[in-house]
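# An overview of the molecular structure
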Amino acid sequence: MSYGTGAVMSVPAHDQRDWEFAKEYILPIKQVIFPGDGSTFDIEKEAFTEKGTLGDSGWLSGFTSQEAFGKIAEYLREKSAGGAKTNYRLRDWGISRQRYWGAPIPIVYCERCGEVPVSDSDLPVELPLEIDIDGERIPALSAIESFIATSCPTCEGPARRETDTMDTFVESSWYFLRYASPDFKDGMFEPGKASYWLPVNQYIGGIEHAILHLLYSRFFTKVLRDIGVFELDEPFANLLTQGMVVKDGAKMSKSLGNTVDPDDMIVRYGADTVRMFMLFAAPVEKDLEWSEQGVNGMFRFLGRVWRFAVGFFAEPKDEEQGLELQAGGKAAALTAATNRTIKKVTEDIESFKFNTAISAIMELFNELSTLWKEKSVGREHARETLLAVARLIYPMAPHFAEELWELSGESGNLVNKEWIKWDEGAFESAEITIPVRVNSRVRNQISLSPDADEETAREIALSDSRVKEYIAGREIKNFVYVPKRLVDIRV
Ligand SMILES: [Zn+2]
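What counts and what doesn't
- Residues numbered from 1 in each chain as written.
- Predicted model: local features only at pLDDT ≥ 70, side-chain atom pairs only at ≥ 80, totals over all residues.
- Heavy atoms only, no water.
- Helix = DSSP H or I, 4+ residues; strand = E, 2+ residues; numbered from the N terminus.
- Rg over C-alpha atoms; globule rule 2.2 N^0.38 Å.
- Buried < 20%, exposed > 50% of the residue type's maximum accessible area, 1.4 Å probe, protein only.
- Contact = heavy atoms within 4.5 Å.
- Areas by Shrake-Rupley, 256 points an atom, 1.4 Å probe, with all protein chains shown as cover.
- Lys, Arg positive; Asp, Glu negative; His and termini not counted.
- Charge placed at Lys NZ, Arg CZ, Asp CG, Glu CD.
- Core = buried A, V, L, I, M, F, W, Y, C linked by side-chain atoms within 4.5 Å.
- Phe/Tyr/Trp six-rings, centres within 6.5 Å; stacked < 30°, edge-to-face > 60°.
- Lys NZ or Arg CZ within 6 Å of the ring centre and 35° of its normal.
- Donors = N, O, S within 2.8 Å, 3.2 Å for Na, K, Ca; no water.
- Tetrahedral: all angles 85-135°; square planar, octahedral: opposite > 155°, others 65-115°.
- Pairing = 2+ DSSP bridges.
- Patch = residues over 30% accessible without salt bridge, like charges linked within 9 Å, V, L, I, M, F, W, Y side chains within 5 Å.
- Salt bridge = Lys/Arg side-chain N within 4 Å of Asp/Glu carboxyl O.
- Axes fitted to C-alpha atoms, helices over the stretch in contact; angles between N-to-C directions.
- Parallel < 35°, antiparallel > 145°, perpendicular 65-115°, else oblique.
- Left-handed = near helix turned anticlockwise from the far one by under 90°.
- Nonpolar A, V, L, I, M, F, W, Y, C, P; charged D, E, K, R; others polar.

Scanning the protein from terminus to terminus reveals 19 helices and 17 strands. Taking 2.2 N^0.38 as the reference for a compact globule, 491 residues should give roughly 23 Å; the C-alpha atoms of the protein span a radius of gyration of 33 Å, well beyond that estimate. The C-alpha extent of the protein, read off along each of the three principal axes, is 105 × 70 × 45 Å. The buried share of the protein, taken over its 491 residues, is 36%. Sequence separation of at least 24 residues holds for 57% of the intrachain contacts in the protein that already meet a minimum separation of 6. Looking at the protein as shown, the accessible area adds up to about 29,600 Å², and 51% of this sits on carbon and sulfur atoms. Taking the average place of the 56 positive charges on the side chains of the protein and the average place of its 77 negative ones, the gap between the two points comes to 5 Å.

Shown next, in the form of structure tokens:
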């Protein structure tokens, strides 16, 4: 019997699809599993798919899901109707390959003793380096007499080495353990060090290699645990499977002829632009649609930042004295936006949301650029934000960010600087600036609390003198307020 899926205990209350079906056809939904911590759960809103405590379940009521699994299996066994069984999906695995590139299989064939493992002191068996791979002899190692001819570890008589090599899956199933002690000479890895460093905190890989590789890696780890090498149970604590690069809707492949050589793009746009584009174009776990337009768009964005910075740092500093005081409100708003962005980018990067991190940096730069051009912020505040943009963009566009940093005249290199910190106080109560559109055109910006409700936004927007000017006493046909984004008015 199988647990965990809806197959055995499927009732509409505990499987979302069954729940939706029952809702659609107005069937009764009876909850029989309840939150284990005694909290309430509204089954009218969605299915309860967690494990918990059984209720309304006859003799099983009061047991936890886990206890109930055992009780049900026991019951079925008594009735000769079933029982508990562990299913393994790992099948027998032929690990030998008829090719050169692979770890040699440490077995020799002796006429007297048969198949004999190479003695521990002679491990690892290394591949011969003088080899001419002509594709004629398969396996390739069968052509290398100096490799094949050896002596039997048991009787010391003449023996011949195995000429197949191991499937690369064999080594990829435990290589991460070796990373903990790369210089260790007396075995695969040093168990103490592997125990210290493992499990891998964050594992990242493509979906194509994920399934078998993960199954094998976990299997190897559990075998090593069972034979007492270490106590490690799982090799990887977290897994991220990144999406593939697709072009014109298809996976990039040589046979389809739709590959793009990243080197060409790097020569044209620079590595920072290409990297920024790739991180920006899609969430990391989703497929990324390659688009030269997109690369070009990112190139233009970085160009805008660069030209802004060149102009900004080149301008004489004396002219803007006093501006800071006149424009106090917008300066605070910019500082708030800067700190809010530092927090968002930091948290996004930590959870691999590079695309939203980059768009937050873009938004911050756009705000800076607008406020600076309309002279609503002074140099000091603008500088603070521009330096923050350089530091935030650094992980994605390091060369570009270092150049910005140097341009600013700040000392040192970003690579040696600690990650930028934010000040929660700077934005907790601070107001933000959002555009007001009248008949689809932005007419002014208003400042308001990020949590302001529609009524407040309406009041502020309609009392703004420039907005009033454009409304010109006409009737308001439609008023839309998107919190933290914009106000849109139709007259
Ligand atoms: Zn022998």
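Past the structure itself, the notes keep going.
The next subject is the nonpolar core. The biggest cluster of nonpolar side chains holds 51 residues, and the ones touching the most others in it are Met276, Trp290, Phe301 and Ile393. Breaking this core down by element, the ones donating at least two residues are helix H9 (262-269), helix H10 (271-281), helix H11 (292-314), helix H13 (328-350), helix H14 (354-373), helix H15 (379-393) and helix H16 (398-408). Filtering out sequence-adjacent residues up to four positions away, tryptophan 290 remains in contact with Val245, Val246, Lys247, Met252, Val260, Met265, Val274, Phe277, Met278 and Val295. In this structure, Trp174, Phe176, Tyr203 and Phe236 belong to the second largest nonpolar core, which totals 18 residues.

Per the stated rule, a full pass over the model turns up 21 aromatic pairs. A centroid spacing of 4.9 Å and a plane angle of 80 degrees characterise the contact between tyrosine 100 and tryptophan 101, whose relative ring orientation is edge-to-face. For tyrosine 100, a relative accessible area of 6% puts it in the buried group. Between the NZ or CZ atom of arginine 379 and the centre of the ring of phenylalanine 312, over which it lies, the distance is 4.4 Å.

With that out of the way, let us pick up the side chain of threonine 346. Tracing the chain through its elements places threonine 346 in helix H13. Ignoring any residue separated from it by four or fewer positions in sequence, one finds threonine 346 in contact with Trp419 and Trp422.

We now examine the coordination of the zinc ion. Within the protein, Cys110 (SG), Cys113 (SG), Cys152 (SG) and Cys155 (SG) serve as the donor atoms for the zinc ion, at 2.2 to 2.4 Å. Every donor counted, the 4 donor atoms about the zinc ion form angles of 102 to 115 degrees at the centre, which fits tetrahedral coordination. All donors to the zinc ion come from one chain, and their sequence spacing reads C-x2-C-x38-C-x2-C. Here the residue cysteine 113 occupies a position in the loop between strand S4 (107-110) and strand S5 (114-117), and cysteine 152 occupies one in the loop between strand S6 (149-151) and strand S7 (158-161), the gap between them amounting to 39 residues. By relative accessible area, cysteine 113 is classed as partly exposed at 35%. What makes cysteine 152 buried here is its relative accessible area of 1%.

Turning our attention to the sheet that holds strand S13 (residues 288-289). In spatial order, the strands read S12-S11-S13; together these 3 strands make up an open sheet with mixed pairing. Looking at strand neighbours, the two that pair on one side only are strand S12 (250-251) and S13, the edges of this open sheet. In the sheet, strand S11 (residues 245-247) pairs with S13 via 2 bridges, with the strands oriented parallel. The residue of S13 that forms the bridge with valine 245 is leucine 288.

Further remarks concern the side chain of threonine 433. By secondary structure assignment, the location of threonine 433 is in strand S14 (residues 432-438). The class for threonine 433 is buried, based on a relative accessible area of 10%. Apart from the residues within four sequence positions on either side, threonine 433 is in contact with Ala333, Glu367, Gln445, Ile446 and Ser447.

The next subject is a negative patch on the surface. Together, Asp453, Glu454, Glu455 and Glu459 make up a negatively charged patch on the protein surface. Position of glutamate 459 among the secondary structure elements: in helix H18 (residues 454-462). Residue classification places glutamate 459 among the exposed positions, given a relative accessible area of 60%.

So, about the packing of H11 against H14. Axis separation between H11 and H14 bottoms out at 11 Å; the angle between their running directions is 40 degrees. As the angle between them shows, H11 and H14 are arranged oblique. Crossing hand, H11 versus H14: left-handed. Packed against H11, whose contacting residues are Met298, Phe301, Arg304, Val305, Phe308 and Phe312, the element H14 presents Ile358, Met362, Phe365, Asn366, Leu368, Ser369 and Trp372 at the interface. Across the contact of H11 with H14, the residue classes break down as 10 nonpolar, 2 polar and 1 charged.

Here we take up unusual backbone geometry. Excluding glycine, a negative phi dihedral is what most residues carry, and trans is how most peptide bonds are arranged. Put simply, leucine 123 and proline 124 share a cis peptide bond, and its omega is -5 degrees. Positive phi outside glycine occurs at serine 80, with the angle close to 55 degrees. Topologically, serine 80 is positioned in the loop between helix H3 (65-78) and strand S3 (96-97). Positive phi, normally seen in glycine, also occurs at glutamate 156, with a value near 65 degrees. For glutamate 156, the location among the structural elements is in the loop between S6 and S7. For glutamate 156, a relative accessible area of 66% gives the class exposed.

Interaxial distance between H9 and H10 falls to 7 Å at its minimum, and their mutual angle equals 120 degrees. Classified by the angle their axes make, H9 and H10 are oblique. Residues Met265, Ile266 and Tyr269 of H9 touch H10, and the partners they reach there are Ala271, Thr273 and Val274. The residue inventory of the contact of H9 with H10, partitioned by class, reads 5 nonpolar, 1 polar and no charged.

Next up on the list: the pairing of strand S15 (residues 441-448). Here S14 pairs with S15 via 7 bridges, running antiparallel. Considered in S15, the bridge of threonine 433 is made with serine 447. What sits between S14 and S15 in their antiparallel hairpin is a turn of 2 residues, with asparagine 439 showing a positive phi close to 45 degrees.

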